[in-house]
Amino acid sequence: MATLSTKPGQRFSLPDWHTNSNLISADAEHQHSASHQVRQEARALRNETNNQAKWDEHNNRTRLADRITSVNRWKETLDKCLADIDAEITALTKVKDTAERALQAKNLSLDVAIECLTFRESRRAIDVVRDNVEEELHKEVKLIEKTKRELQRRVSEAFEQLCLLEEARQQLSHDHQCKVEALEIDRTCLSLDVNSPNISFKVNPTRVPKGSTTLGGWEQNSQCNKELAEAEMKASMQLREAILLTIAQTNNELEAQRVATEFALRKRIRDLERAHDELKWQEKNTLEEIAEMEEDIRCLENDLRRKMQDLKVAHTRLETRTYRPNMELCRDQVQYGLTDEVHQLEGTIRALQQKLAQSQSTLNALHRQLHRIQTDIGYKANSLVLDNKCVDSRRKLVVPAEKCLPELHSFDRSVNHTLSLPQRGQLEVA
């Protein structure tokens, strides 16, 4: 016969069951309320942090853009300052070269003046007198030496100013290069976003790097570099004006002294006669050859300078290409071509230098030859004067004295008139 089985254990009453269900429902409602509160707070936090992050990123982008604008403005200012200082260096270099050429030209004037004094030491007998020509020549030598000292002082000042300009330019260039690099870095930072492939966490990124400067110090540094360059350029312009004024003044003084010397020479050489036609022809040809040789020497020097510049370019290209990275550092056709160009230019420069030395030696020989010709012209002129005196003395043997005197005066006037012609020729040569 079947029996009813009973489940062992505690039995709860129906009110307990209802109470338990109500508690579970109450707990669920409480958890739902707490979860809703957390979700609302999380959403608020997300909105707040997203907005804060977006505004921070936007503000920093704006700061980066403003910084780029500020640095770029200083870069443009330095660009203009560099262009100005380069132009000033070029201008001062040209003025310095002009002063050096003027100084070099004074060597020729001094050589000519000393040569004239030396020539006049060869006067013989009664012609050895301390006349106006000798006094003017001594004044000219002293004036030329004074002028050379003044020009040399100006050249030294120009060299020192060029060094100062180069130093200021180097500081400007360094500052400019730093700003170029800073611009590149800031522009790279401005281009970064969350999708950039090269972003990552860094170790202690908020540290203050060693050597950091303040914004005021940064701007003051650039301002100081700019003001230093402007001050040096202003000093350079004043020096250029002073050098040009010195050159003009010394040239005017020398020109006035040269005119005085030539005037004295014109008065003195009235007693001289035209040199022999052959010697004058030789003198003219020698002067023309000297002029042509000097022109050829200038052309050789210009070509030599150009070849040196070409060699610098080739050297610079070869040296620059040594910095190609890794496998790019190969001996390509450009490398062989540049090497051949360097060897070719070096050979050309040696040939030009040898030809320049040969031309200079020939020019010196021409100057010596001209000196010999002019000396010989002086000898012949002196001999001709002596011969004319002999002719005047011998006229008394065939003409009565009372008739000879007026004829002698007329002869003297004709001789003086003929002597004025070679005088002009010799002054043109001088």
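Residues numbered from 1 in each chain as written. Predicted model: local features only at pLDDT ≥ 70, side-chain atom pairs only at ≥ 80, totals over all residues. Heavy atoms only, no water.

S.K.: Please explain the overall build of the protein chain as it appears in this structure.
M.R.: Assigned secondary structure in the protein chain consists of six helices and zero strands. Each helix and strand of the protein chain, placed in order from N terminus to C terminus, yields the pattern α-α-α-α-α-α. A buried classification covers 25% of the 430 residues belonging to the protein chain. Here the contacts in the protein chain between residues at least 6 apart in sequence split such that 87% fall between residues at least 24 apart. For the protein chain, the accessible area works out to roughly 30300 Å², and carbon and sulfur atoms hold 55% of it. (Helix = DSSP H or I, 4+ residues; strand = E, 2+ residues; numbered from the N terminus. Buried < 20%, exposed > 50% of the residue type's maximum accessible area, 1.4 Å probe, protein only. Contact = heavy atoms within 4.5 Å. Areas by Shrake-Rupley, 256 points an atom, 1.4 Å probe, with all protein chains shown as cover.)

S.K.: Honestly, the pattern of salt bridges in this entry has me stumped. Any pointers?
M.R.: Pairing between side chains of opposite charge can happen when their charged atoms approach one another. Counting across every chain of the model gives 14 salt bridges. The shortest N-O distance in the salt bridge between Asp-84 and Lys-80 comes to 3.0 Å. Separated by four residues within a single helix, Asp-84 and Lys-80 lie in helix α1 (residues 14–120), roughly one turn from each other. Owing to a relative accessible area of 55%, Lys-80 belongs among the exposed residues under this scheme. Beyond isolated ion pairs, a larger network of salt bridges with shared partners links Glu-150, Arg-153, Arg-154 and Glu-157. (Salt bridge = Lys/Arg side-chain N within 4 Å of Asp/Glu carboxyl O.)

S.K.: Is there a simple way to think about the confidence of the model for the protein chain in this case?
M.R.: Close inspection of predicted coordinates is inappropriate for parts of the model with low pLDDT. Summary statistics for the protein chain give a mean pLDDT of 79 and a share of 79% for residues scoring 70 or more. Counted against residues more than four places away or in other chains, residues 386–430, with its pLDDT under 50, gives 38 contacts. (pLDDT = per-residue confidence, 0-100.)

S.K.: Sorry if this is basic, but what is going on with the side chain of Lys-106 here?
M.R.: Relative to the elements of secondary structure, Lys-106 occurs in helix α1. Residue Lys-106 is classed as buried on the basis of its relative accessible area of 4%. For Lys-106, the residues in contact, after removing those within four places along its chain, are Ile-144, Thr-147, Lys-148, Leu-151, Asn-251 and Leu-254.

S.K.: What should I look at first to understand the packing of aromatic side chains in this one?
M.R.: Each aromatic ring pair is described using two quantities: the centre-to-centre distance and the angle formed by the ring planes. Summed over all chains, the structure comprises zero aromatic pairs. Over the ring of Trp-218 we find Arg-67, and its NZ or CZ is 3.9 Å from the ring centre. (Phe/Tyr/Trp six-rings, centres within 6.5 Å; stacked < 30°, edge-to-face > 60°. Lys NZ or Arg CZ within 6 Å of the ring centre and 35° of its normal.)

S.K.: Honestly, a negative patch on the surface in this entry has me stumped. Any pointers?
M.R.: Side chains of Glu-288, Glu-289, Glu-292 and Asp-296 sit close together on the surface and give a patch of like negative charge. Locating Glu-292 in the fold gives a position in helix α4 (residues 277–321). Taking relative accessible area as the criterion, Glu-292 reaches 48% and is therefore assigned partly exposed. (Patch = residues over 30% accessible without salt bridge, like charges linked within 9 Å, V, L, I, M, F, W, Y side chains within 5 Å. Lys, Arg positive; Asp, Glu negative; His and termini not counted. Charge placed at Lys NZ, Arg CZ, Asp CG, Glu CD.)

S.K.: Just to check I follow, could you spell out the nonpolar core for this structure?
M.R.: Nonpolar side chains in soluble globular proteins generally cluster together in the buried interior. Counting 22 residues, the largest nonpolar core has Ile-85, Leu-92, Leu-165, Leu-172, Ala-229, Ile-243 and Ile-247 as the members making the most contacts within it. Breaking this core down by element, the ones donating at least two residues are α1, α2 (132–191) and α3 (215–268). The leading source of residues in this core is α1, at ten residues. One finds Met-293, Leu-304, Leu-318 and Leu-345 within the second-largest nonpolar core, a separate group that totals 17 residues. (Core = buried A, V, L, I, M, F, W, Y, C linked by side-chain atoms within 4.5 Å.)

S.K.: Is there a simple way to think about the side chain of Gln-161 in this case?
M.R.: Locating Gln-161 in the fold gives a position in helix α2. The residues contacting Gln-161, other than those within four sequence positions of it, are Leu-92, Glu-232, Ala-235, Ser-236 and Leu-239.

S.K.: Is there a simple way to think about the environment of Asp-175 in this case?
M.R.: One can find Asp-175 in helix α2. Given the relative accessible area of 7%, Asp-175 is considered buried. Leaving out residues up to four positions away in the same chain, Asp-175 has contacts with Leu-78, Asn-221, Ser-222 and Asn-225. Side chain to side chain, Asp-175 and Ser-222 meet in a polar contact 2.9 Å long. (Polar contact = N/O pair within 3.5 Å; in protein donor to acceptor, adjacent residues only side chain to side chain.)

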